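Below, each chain spelled out in residue letters.
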Amino acid sequence: MNVMAVNGLEKVSRYPDKVNSVTDKSSNVSFETLFQSAMGLVNETNGLTNKAEEEEIKFAMGMSDSIVDLQAAQKKASLSLQYTVAVRNTVLDAYKELMNMQF
C-alpha cells in the first residue's frame, strides 16, 4: 500500500500556529486536490479488494496452490480498507467540528 496515497494531506496542518518549514501560504491545498486524493485512495482500495477476490477464486479452483499469495492479497486489501476507513472517520470528525463552529 502506498503510504502517501492521500496526496496533499501532508501539507494540511491541524495546528496553524505551528506551521513547519514544508508548508507555507503559497502551498494551499484545494478541495479538489484533496477530493481527488481521496478518490484515488478509494480506487486503490477497490483494486486491492478485487485482487484479493481473484486470488481467492484462483485458490478455490485449484489454479493456484500458493497460500502465501492469497494471504498477502487479503492482508493488503484489509490494511487498505482499514486505512481508508480511518481517513474517512477523520474527515467526518473534521466536518462535524466545522459544523459546530459558531461565527
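The present account deals with the structure reproduced in this document.

Before going further, it helps to spend a moment on the pattern of salt bridges. Following the criterion strictly, the structure yields two salt bridges and no others. Close ionic contact of lysine 51 with glutamate 55 constitutes a salt bridge, the shortest N to O distance being 3.3 Å. Taken as a pair, lysine 51 and glutamate 55 lie in helix α1 (residues 31-60) at a separation of four residues, close to a single helical turn. Since its relative accessible area comes to 8%, glutamate 55 is described here as buried.

What follows is about helix α2 (residues 67-100). For the α-helix, the turn length of 3.6 residues means that residues three or four positions removed from each other point alike. Over its 34 residues, α2 runs 49 Å from end to end, which matches the ideal 50 Å to within 8%, given 1.5 Å per residue. Listing the buried residues of α2 in full gives Leu70, Ala73, Ala77, Ser80, Thr84 and Val87.

Its 30 residues give α1 an end-to-end C-alpha distance of 43 Å, which sits within 8% of 44 Å, the value for a rise of 1.5 Å per residue. Every buried residue belonging to α1 is among Ser37, Leu41, Thr45, Leu48, Ala52 and Glu55, and all of these are buried. Directly after α1, the chain includes glycine 62, whose backbone phi takes a positive value near 80°.

Mapped onto the elements, serine 64 comes out in the loop between α1 and α2. With relative accessibility at 14%, the residue serine 64 sits in the buried group. At 3.4 Å, the side chain of serine 64 forms a polar contact with the backbone nitrogen of serine 66.

Basis of the calculations
- Residues numbered from 1 in each chain as written.
- Predicted model: local features only at pLDDT ≥ 70, side-chain atom pairs only at ≥ 80, totals over all residues.
- Heavy atoms only, no water.
- Salt bridge = Lys/Arg side-chain N within 4 Å of Asp/Glu carboxyl O.
- Helix = DSSP H or I, 4+ residues; strand = E, 2+ residues; numbered from the N terminus.
- Buried < 20%, exposed > 50% of the residue type's maximum accessible area, 1.4 Å probe, protein only.
- Expected span 1.5 Å × (residues − 1).
- Polar contact = N/O pair within 3.5 Å; in protein donor to acceptor, adjacent residues only side chain to side chain.

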